[in-house]
Amino acid sequence: MSAPTAHVPKQNTRGRVIFASLIGTTIEFYDFYIYATASVLVFPALFFPDATEINAILSAFAIFGVAFVARPLGSIVFGHFGDKIGRKGTLVASLLTMGIATFLIGFLPPAQGSFVVLAPLMLVLLRFAQGLALGGEWSGAALLATENAPEGKRAIYGTFPQLGAPIGFIVANLMFVGLQLGLDAEQFQAWGWRVPFIFSAVMVLVGLYVRLKLVESVSFTNVVAQKKVAKSPLAATLTRHWRPVIAGTFIMVATYVLFYLMTSFTLTYGTAKTTEQASAEAAAAGEAFDAAAFVPGLGIERPLFLTMLIIGVVFFGIFTVVSGPLAERFGRRKFLLWVTAGILVFGLAWSLFFGPGTAAAMVGLIIGFTLMGFTFGPMAAILPELFPANVRYTGSAIAYNLASVIGAAPASFVAIALWQAGGGSTVLVGVYLGIAAIATLIALWLTRETRDVDYDNNVA
């Protein structure tokens, strides 16, 4: 009589891990980016028609920042369930929340008549829901990838969910470029901008199908088997693991500031009229032009600048992939110290790229997005590695999303204010990026290397 076969826990295949972590974050970031793009191209006129041009832009970016306020709350809510009941169900819930909110934005009425107050209010609420969802999505996807990674390949597997950022950005902006080229200005303003929001429903269905087929990771099943599931993951994180929360928050700050300067701010600055364009436009309309009060940009047509951004983001994706093996070889800490030093230098040289003209801006976009790939890629490994498995979802989510409040939420708003204060010069914008890089360098210097931690059996 043969001996009974030992039970082998079912595991996720490599392909399923890659696709599920990648498709989810692609959808989440796609949803996030179409809002960011619409904040520049459509929302100022649609929801703030009575404001001046610059105030309408600032109002749209203020609502853009609402999501970053919601993200820490999302990290607490989804982190709680991710550490209590598992990664799979939490990932499905975050995807549904983001998908429904984004889909509904596509049906919002303009701020006219009886909707003059209600429309912006509904936009704020749906934007809050987007932030809530993204607050839980990233950490779940990072854990899905790294907790299913073979030994010595966590940083490599961690680049899979990170690739969702450049892919989501490219898909979102290709849709906007196509719509702007295929529709006239009136059609785009009336209904064309709604298409990317409504289309997100299709992508969400694909993501849900894949994620529902997942099984729990070995790390979480070990936590359950050892009966070490935290009664309150938030309390455990804040009382026993607050130091890595602070470290992880500041490790992410420069990454966030860099990204939102490279996308939201450069789109605003790059497509703003030059002094010559604004003067000629005023003269053609028979209006007076006050050059002293005007804040000039690069004057690049929006479809062209969106195309330039897409080219830059291709470099973001390529170097996100490249960063994984480098972070494995040299260690997360050493690799990120060098990359962040590069971000500091780039910040100090910012006005050399964003000021002279189109060619210089294209070079700046390529350099900035290359640095973005290098710094963003290892984050899905280093942040979760700072925490034991039973509070890993909550801890990494809080650190990641607190960084969004400090780094991402004010980035576009502050950069526009600094651009205005400089009378069109972007020198102060670069100084702002440099300060963020210094904060991250200090955090990395004070943090231990995490490459060799026992990831599966590290339970507090």
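The structure contained in this document is the topic of the report that follows. Along each chain, residue indices are assigned from 1 in the same order as the chain's sequence is written. Per-residue local features are limited, in this predicted model, to residues with pLDDT of at least 70; the limit for side-chain atom pairs, both in listing and counting, is 80 or more; totals at the level of whole chains, interfaces and linings are taken over all residues. To obtain the side-chain values, all non-hydrogen atoms of the structure were included, while hydrogens and water were left out.

1. Section: the overall build of the protein chain
Applicable threshold: Helix numbers and strand numbers start at the N terminus; a helix is a DSSP run of H or I with at least 4 residues, a strand a run of E with at least 2. With the radius of gyration taken over C-alpha atoms, the globule rule is written as 2.2 Å times the number of residues to the power 0.38. Any residue under 20% of the maximum accessible area for its type is buried, any over 50% is exposed, and the rest in between are partly exposed; the area is computed with a 1.4 Å probe on protein chains only. Throughout, the Shrake-Rupley method with a 1.4 Å probe supplies accessible areas, and for residues the shown protein chains are the sole cover considered.
Within the protein chain, the secondary structure is distributed over 21 helices and zero strands. In terms of overall size, the protein chain behaves like a compact globule, its C-alpha atoms giving a radius of gyration of 22 Å where 460 residues would be expected to give roughly 23 Å. When its C-alpha atoms are laid out on the principal axes, the protein chain stretches across 95 × 45 × 35 Å. Evaluated residue by residue, the protein chain yields a buried proportion of 58% over its 460 residues. With an accessible surface of roughly 18,100 Å², the protein chain has 69% of that area assigned to carbon and sulfur atoms.

2. Notes on the environment of Pro410
Using the following cut-off: Any two residues whose heavy atoms approach within 4.5 Å at even a single point are treated as in contact.
Relative to the helices and strands, Pro410 resides in the loop between helix 19 (392-408) and helix 20 (411-421). Pro410 sits in the partly exposed class, given a relative accessible area of 25%. The spatial distance from the C-alpha of Pro410 to the C-alpha of Val257 is 8.5 Å, given a sequence separation of 153 residues. Setting aside residues no more than four positions away along its own chain, Pro410 makes contact with Ser404, Val405, Ala415 and Tyr432.

3. A closer look at the side chain of Thr440
The residue Thr440 is located in helix 21 (residues 427-445) in this model. Leaving out residues up to four positions away in the same chain, Thr440 has contacts with Phe250, Ile251, Val253, Ala254 and Thr340.

4. What to know about the nonpolar core
Rules: Buried Ala, Val, Leu, Ile, Met, Phe, Trp, Tyr and Cys residues form a nonpolar core when they are joined through side-chain atoms within 4.5 Å.
Of all hydrophobic cores here, the largest spans 127 residues; its most connected members are Phe43 and Leu261. The element best represented in this core is helix 12 (residues 242-271), accounting for 14 residues. When residues no more than four places from it in sequence are discounted, the contact partners of Phe43 are Tyr35, Ala38, Phe48, Ala60, Ile105, Leu123, Trp193 and Phe197.

5. Description of helix 11 (residues 233-240)
Threshold: Directions from the helix axis toward the C-beta atoms define the arc.
Here helix 11 has its buried residues at Pro233, Ala236 and Thr237. Viewed end-on, helix 11 has its buried residues packed into an arc of 100°, placing them on one side of the element.

6. Thoughts on the packing of helix 11 against helix 19
Rules: To define axes, lines are fitted to C-alpha atoms, for helices over the stretch in contact only, and angles between the resulting N-to-C directions are given on a 0 to 180 degree scale. Any angle from 65 to 115 degrees is called roughly perpendicular, while one under 35 is roughly parallel, one over 145 is roughly antiparallel, and all others are oblique. Handedness of a crossing follows from how the near helix is turned relative to the far one, being left-handed for an anticlockwise turn of less than a right angle and right-handed for a clockwise one.
At a minimum axis distance of 9 Å, the contact between helix 11 and helix 19 shows a crossing angle of 65°. The angle between helix 11 and helix 19 falls in the class roughly perpendicular. Like other packed secondary-structure pairs, helix 11 and helix 19 cross with a definite hand, here right-handed. Side by side, helix 11 and helix 19 meet where Pro233, Leu234 and Thr237 of the first sit next to Thr394, Gly395 and Ile398 of the second.

7. Description of the packing of aromatic side chains
Let me state the cut-off plainly: The rule is short: rings of Phe, Tyr and Trp, with Trp giving its six-membered ring, pair when the centres are within 6.5 Å, and they are stacked under 30 degrees, edge-to-face over 60, tilted in between. A ring is scored as having a charge over it whenever the NZ atom of a lysine or the CZ atom of an arginine sits within 6 Å of its centre and within 35 degrees of its normal.
Going through the model one piece at a time under the given rule, you end up with 23 aromatic pairs. Summarising the aromatic geometry, the rings of Phe259 and Phe316 are spaced 5.9 Å apart at their centres and angled 50° between planes, so their arrangement reads as tilted. Of the two residues, Phe259 is situated in helix 12 and Phe316 in helix 14 (residues 302-330); the sequence distance between them amounts to 57 residues. For the pair Phe259 and Phe316, a shared accessibility class is recorded, and that class is buried. Chaining the aromatic ring pairs together yields one cluster made of Phe169, Phe259, Tyr260, Phe316, Phe369 and Phe376. Note that Arg127 overlies the ring of Tyr35, its terminal NZ or CZ placed 4.2 Å from the centroid. Here the basic side chain of Arg392 rests over the ring of Tyr455, its NZ or CZ set 3.7 Å away from the ring centre.

8. Some points on the environment of Leu386
Topologically, Leu386 is positioned in the loop between helix 18 (379-385) and helix 19. Through-space distance from the C-alpha of Leu386 to that of Arg448 is 8.9 Å; in sequence the pair is 62 residues apart. Sequence-distant contacts of Leu386, that is, excluding residues within four places in its chain, are made with Pro244, Gly248, Thr447, Arg448 and Thr450.

9. Regarding helix 21
Residues spaced three or four apart along an α-helix point in a common direction, a consequence of the helix completing one turn every 3.6 residues. Filter applied, for reference: Helix span, expected: 1.5 Å multiplied by one less than the number of residues in the helix.
Here helix 21 contains 19 residues, and its C-alpha end-to-end distance of 27 Å stays within 8% of the 27 Å for a straight helix at 1.5 Å per residue. For helix 21, the complete set of buried residues consists of Val429, Gly430, Tyr432, Leu433, Gly434, Ala436, Ala437, Thr440, Ala443 and Leu444. Looking at the buried positions of helix 21, the neighbouring elements they touch are helix 12, helix 15 (332-348), helix 16 (350-353), helix 18, helix 19 and helix 20.

10. Looking at the pattern of salt bridges
To keep it simple, the criterion reads: Take a side-chain nitrogen of Lys or Arg and a carboxyl oxygen of Asp or Glu: if they are within 4 Å of each other, that pair is a salt bridge.
Evaluated as defined, the whole model comprises eight salt bridges. The salt bridge involving Arg211 is made with Glu137; its shortest N-O contact spans 2.6 Å. Of this pair, Arg211 sits in helix 9 (residues 194-211) while Glu137 sits in helix 5 (residues 118-146), and the two are 74 residues apart along the sequence. The same class applies to Arg211 as to Glu137, namely buried. In this structure, Glu328 and Arg332 form a salt bridge, with 3.3 Å as the shortest nitrogen-oxygen distance. By relative accessible area, which is 12% here, Glu328 ends up buried. Because the salt bridges share partners, they merge into one network encompassing Asp83, Arg87, Glu147 and Arg392.

11. Digging into a nonpolar patch on the surface
Basically, it comes down to this: Only residues whose relative accessible area exceeds 30% and that form no salt bridge are eligible for patches; like-charged ones are grouped when within 9 Å, while nonpolar side chains (Val, Leu, Ile, Met, Phe, Trp, Tyr) are grouped when within 5 Å.
Together, Leu73, Val77, Phe81, Ile85 and Phe128 make up a nonpolar patch on the protein surface, roughly 430 Å² of accessible area in all. Examining the composition of the nonpolar patch, we find that three residues originate from one element, helix 3 (residues 53-84), more than from any other. Topologically, Phe81 is positioned in helix 3. For Phe81, a relative accessible area of 40% corresponds to the partly exposed category.

12. Details of the environment of Ile398
For Ile398, the position within the fold is in helix 19. By relative accessible area, which is 7% here, Ile398 ends up buried. The spacing of Ile398 and Gly135 is 263 residues in sequence and 8.1 Å in space, taken between C-alpha atoms. For Ile398, the contacting residues outside a window of four places in its chain are Ser75, Ile76, Leu234 and Val245.

13. Looking at the packing of helix 12 against helix 19
Helices that pack against each other are described as a pair by the angle of their axes relative to one another and the distance between those axes. In plain terms, the rule: Amino acid classes used here: Ala, Val, Leu, Ile, Met, Phe, Trp, Tyr, Cys and Pro are nonpolar; Asp, Glu, Lys and Arg are charged; the rest, including Gly, are polar.
Two numbers describe how helix 12 lies on helix 19: the axes approach to 7 Å, and their chain directions differ by 45°. In terms of axis orientation, helix 12 runs oblique to helix 19. Seen along the crossing, helix 12 lies across helix 19 with a hand that is right-handed. Along the contact surface, helix 12 presents Val245, Gly248, Thr249, Phe250, Met252, Val253, Tyr256, Val257 and Tyr260, while helix 19 presents Gly395, Ile398, Ala399, Tyr400, Leu402, Ala403, Ser404, Ile406, Gly407 and Ala408. Across the contact of helix 12 with helix 19, the residue classes tally to 14 nonpolar, five polar and no charged.

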